[in-house]
Amino acid sequence: MSRNLLATLARVAFGLLFVLASLDKIAHPDAFARIVYNYQILPEVLVNPLAVLLPWLELVCGAALTLGVLPRGAAAILCGLLAVFLGAFLFNLHRGLDVYCGCFSTTPARGGPTGLYLARDAAMLVLGLAVLRSSLRRGR
Amino acid sequence: MPALSSYYNTIREAAVLLLVSILAAGLANTFGPSRIPWASHIQAEKGRELAATGMGDVPPQEAMRIWRDKAALFVDAREAEFYRQGHIPGAVNVSIDPLGEDIMDQAKKLPKDRLLVVYCSDIACPKSKELADSLKQLGFGQLRVMVEGLEGWVKAGGPVEGRP
């Protein structure tokens, strides 16, 4: 019972994190497109389409996970996104590019130091994988 | 260990969510209040923004001449860690790090009677322009931005100091 409660709490929390993370980016696609552009990983033609799609993917999957609708697919997508963000961030760190992460807000002034991003992303990925695992186990 | 069908269902669920997201994003960017063009517009906008500030771009070749003649102080706008890893010899670090030292305090080490050439990592980084804007507001009159940044500098054969 308490285990189930914990799993539900983790699922709702993980989903809500992404709902929150998506809102500012949906409201300011132009600013988010600049952040995606600054990562300098995608070819320029993909920057804007992805900058429009990513926040909606976060919102839809975050909401689905929070509500418990299609939880396995939502958890899998969000874990995938986190892994890609983490990889992109590490890749840029490795090549000495100083990018703003644009994780929760499109305003660079609210950013934090690099180590903090990495630790937070990694912690979220661990939570996400736990949620994914419990959703798979419960798979109907 | 979850059954194989569980993985299959996961992929099916993910596909549904992806489709819903694509649909929502498409609708939002076609009819919503804050639309952006589907093709990237950022490169062109950056050029216009810099032109609007009145601060000229210094191409790396010209920057190297200025550097050799010691006609300007170079200002590195990146985070301190990147500055330590490598910067234009003689450049000072004034980083726009929200958790770092305030720009007003850092700017005290800069001369107002000398040309300042601000740069960051490369053509896509926004920090050099942001810093130049801030310095302009703090009363620094002689400002230029090396838009191509350290990457352009290195490509042009410019020297770098710091630990690799």
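Residues numbered from 1 in each chain as written. Chains lettered and ligands numbered in written order. Predicted model: local features only at pLDDT ≥ 70, side-chain atom pairs only at ≥ 80, totals over all residues. Heavy atoms only, no water.

**So, the overall build of chain A**
So, step 1. Check the secondary structure of chain A and you find 5 helices and 0 strands.
So, step 2. If you list the helices and strands of chain A from N to C, you get α-α-α-α-α.
So, step 3. Within chain A, buried positions represent 51% of all 140 residues.
So, step 4. Long-range pairs, those at least 24 residues apart, make up 74% of the contacts in chain A with a sequence separation of at least 6.
So, step 5. Carbon together with sulfur atoms contributes 73% to the accessible area of chain A, which is approximately 6500 Å² in total. (Helix = DSSP H or I, 4+ residues; strand = E, 2+ residues; numbered from the N terminus. Buried < 20%, exposed > 50% of the residue type's maximum accessible area, 1.4 Å probe, protein only. Contact = heavy atoms within 4.5 Å. Areas by Shrake-Rupley, 256 points an atom, 1.4 Å probe, with all protein chains shown as cover.)

**Topic: the packing of helix α1 (residues 2–27) of chain A against helix α3 (residues 44–67) of chain A**
Residue and element names in this part refer to chain A.
So, step 1. It is the contact of α1 with α3, at a shortest axis distance of 7 Å, that shows an interaxial angle of 155°. It follows from the interaxial angle that α1 and α3 lie roughly antiparallel. Judged by the sense of rotation from one axis to the other, the crossing of α1 with α3 is left-handed. Between α1 and α3, the residues in contact are R11, V12, F14, G15, L16, F18, V19, A21, S22, L23, K25 and I26 and P55, W56, E58, L59, G62, A63, L65, T66 and L67, respectively. (Axes fitted to C-alpha atoms, helices over the stretch in contact; angles between N-to-C directions. Parallel < 35°, antiparallel > 145°, perpendicular 65-115°, else oblique. Left-handed = near helix turned anticlockwise from the far one by under 90°.)

**Points about the side chain of S95 of chain B**
Residue and element names in this part refer to chain B.
So, step 1. Its location among the elements puts S95 in the loop between β2 (92–93) and α5 (103–107).
So, step 2. Overall, S95 belongs to the buried group, its relative accessible area being 9%.
So, step 3. Those residues in contact with S95 that sit more than four places away from it in its chain are D76, A77, R78, E79, A80, E101, I103 and Q106.

**What about the packing of aromatic side chains?**
So, step 1. As enumerated under the stated definition, the model contains 5 aromatic pairs over all chains in all.
So, step 2. Between W67 of chain B and W153 of chain B the ring centres are 5.9 Å apart and the planes differ by 85°, which places this aromatic pair in the edge-to-face class. Of this pair, W67 of chain B sits in helix α3 (residues 60–68) while W153 of chain B sits in helix α7 (residues 149–155), and the two are 86 residues apart along the sequence.
So, step 3. The rings of Y39, F89 and Y117 of chain A are connected pair by pair, giving a single aromatic cluster.
So, step 4. Positioned above the aromatic ring of F140 of chain B, the side-chain terminus of K112 of chain B is 5.1 Å from the ring centre. (Phe/Tyr/Trp six-rings, centres within 6.5 Å; stacked < 30°, edge-to-face > 60°. Lys NZ or Arg CZ within 6 Å of the ring centre and 35° of its normal.)

**Overview of the nonpolar core**
So, step 1. Core analysis: the biggest nonpolar cluster contains 44 residues, and F14, C61, L65, I77 and L78 of chain A together with L17 of chain B have the highest contact counts within it.
So, step 2. Where this core is concerned, the elements lending two or more residues are α1, α2 (29–39), α3, α4 (71–94) and α5 (114–137) of chain A together with α1 (4–31) of chain B.
So, step 3. At 12 residues, α3 of chain A tops the list of elements feeding residues into this core.
So, step 4. Residues in contact with C61 of chain A, not counting those within four places in the same chain, are A74, I77 and L78 of chain A together with L17 of chain B.
So, step 5. Within the second largest apolar cluster, 19 residues are counted, among which are L73, V94, L110 and L135 of chain B. (Core = buried A, V, L, I, M, F, W, Y, C linked by side-chain atoms within 4.5 Å.)

**Here we look at the sheet that holds strand β4 (residues 143–145) of chain B**
All names here are of chain B.
So, step 1. One open sheet holds the 4 strands; their spatial order is β2-β1-β3-β4, and the pairing between them is parallel. Each end of this open sheet is capped by a strand with a single partner; those strands are β2 and β4.
So, step 2. Looking at chain direction, strand β1 (residues 72–76) and β2 are connected through 2 bridges and run parallel. Along β2, the bridge assignment pairs D76 with N93.
So, step 3. Running over the sheet, α3 touches β1 and β4 and is turned about 120° from β1. (Pairing = 2+ DSSP bridges.)

**Description of the pairing of strand β3 (residues 115–119) of chain B**
All names here are of chain B.
So, step 1. With 5 of 5 residues buried, β3 lies mostly within the body of the structure.
So, step 2. The side-chain alternation of β3 yields two buried faces, one formed by L115, V117 and Y119 and the other by L116 and V118.
So, step 3. Here β1 pairs with β3 via 5 bridges, running parallel. What sits directly across from V75, in β3, is V118.
So, step 4. Alignment of β3 against β4, held across 3 bridges, turns out to be parallel. Pairing of V117 across the sheet is with R144, part of β4.
So, step 5. Once the chain exits β3 it traverses helix α6 (residues 127–137) before rejoining the sheet at β4, and the crossover so formed is right-handed. (Right-handed = clockwise from strand over helix to strand, strands pointing away.)

**Thoughts on the state of the cysteines**
Residue and element names in this part refer to chain B.
So, step 1. The full count for this structure, using the stated rule, is 1 disulfide over all chains.
So, step 2. Two residues share a disulfide in this structure: C120 and C125, whose sulfurs sit 1.8 Å from each other. Here the S-S torsion is close to 95°, and the disulfide linking C120 with C125 is therefore right-handed. In this structure, C120 and C125 share a single accessibility class: buried. (Disulfide = S-S within 2.5 Å.)

**Focus: the interface of chain A and chain B**
So, step 1. The interface of chain A with chain B comprises 40 residues on the first partner and 40 residues on the second.
So, step 2. Summed over both sides, the interface between chain A and chain B buries roughly 3500 Å², with carbon and sulfur atoms accounting for 61% of that surface.
So, step 3. Here chain A is connected to chain B by 1 salt bridge.
So, step 4. Where R72 of chain A meets E13 of chain B, a salt bridge forms, and the shortest distance between an N and an O atom there is 2.8 Å.
So, step 5. At the junction of chain A and chain B, the tally comes to 6 residue pairs in polar contact (both at pLDDT 80 or more).
So, step 6. Secondary structure elements with two or more residues in the side of chain A that touches chain B: α1, α2, α3, α4 and α5 of chain A. (Buried area = accessible area lost by both parts, 1.4 Å probe. Salt bridge = Lys/Arg side-chain N within 4 Å of Asp/Glu carboxyl O. Polar contact = N/O pair within 3.5 Å; in protein donor to acceptor, adjacent residues only side chain to side chain.)

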